[in-house]
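Listed below are the residues making up each chain.
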Amino acid sequence: MKKINPVVPRNSKELASALGLTPADGAEIELRSELNSKIVEIVARKKLTHAEVARLAKTSRTRVTAILNRNTKSVSTDLLLRVLYALGYMAKLRTRRAA
């Protein structure tokens, strides 16, 4: 039986390569993941309910639940930014040269 070596990506570029995606897709995944993590952290720290976050962001509770469960396949980056802003935070964009 052929031995399968696991791939452990260390950054978004390696992750994209392992998944057969473009480096740009990897960068988007990284950005969305960082936004999502920050939203989850803020909601937990403020002890807000899904309904409260939904009301603040003027979106549905179902979409907030998806974000907080890290199921953001059908959630736009715009909505992630809007939820973050509704929680009283703004995203700061950093740029760096692509490797």
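Since this is a predicted model, take the numbers as computed values, not measurements.

**Q** It is not clear to me how the overall build of the chain should be interpreted in this structure. Could you clarify?
**A** For the chain, the helix and strand inventory stands at five helices and zero strands. Listing every helix and strand of the chain by position from the N terminus yields α-α-α-α-α. Split into buried and exposed, the 99 residues of the chain put 25% on the buried side. Across the chain, every contact between residues at least 6 apart in sequence was considered, and the portion connecting residues at least 24 apart equals 55%. Accessible surface, the chain as shown: approximately 7700 Å² in total, 56% of it carbon and sulfur. Positive and negative side-chain charges of the chain, numbering 20 and 8 respectively, have mean locations separated by a distance of 3 Å.

**Q** Would you mind going over the pattern of salt bridges with me for this structure?
**A** Working definition: two side chains of opposite charge can pair if their charged atoms are close together. For the structure shown, the criterion picks out four salt bridges. Across the salt bridge formed by Arg-45 and Glu-41, the nearest N and O atoms sit 3.1 Å from each other. With Arg-45 and Glu-41 both in helix H2 (residues 23–46) and four residues apart, this pair spans about one turn of that helix. A relative accessible area of 39% places Glu-41 in the partly exposed class. Linked by salt bridges that have partners in common, Lys-38, Glu-41 and Arg-45 make up one network.

What counts and what doesn't
- Residues numbered from 1 in each chain as written.
- Predicted model: local features only at pLDDT ≥ 70, side-chain atom pairs only at ≥ 80, totals over all residues.
- Heavy atoms only, no water.
- Helix = DSSP H or I, 4+ residues; strand = E, 2+ residues; numbered from the N terminus.
- Buried < 20%, exposed > 50% of the residue type's maximum accessible area, 1.4 Å probe, protein only.
- Contact = heavy atoms within 4.5 Å.
- Areas by Shrake-Rupley, 256 points an atom, 1.4 Å probe, with all protein chains shown as cover.
- Lys, Arg positive; Asp, Glu negative; His and termini not counted.
- Charge placed at Lys NZ, Arg CZ, Asp CG, Glu CD.
- Salt bridge = Lys/Arg side-chain N within 4 Å of Asp/Glu carboxyl O.

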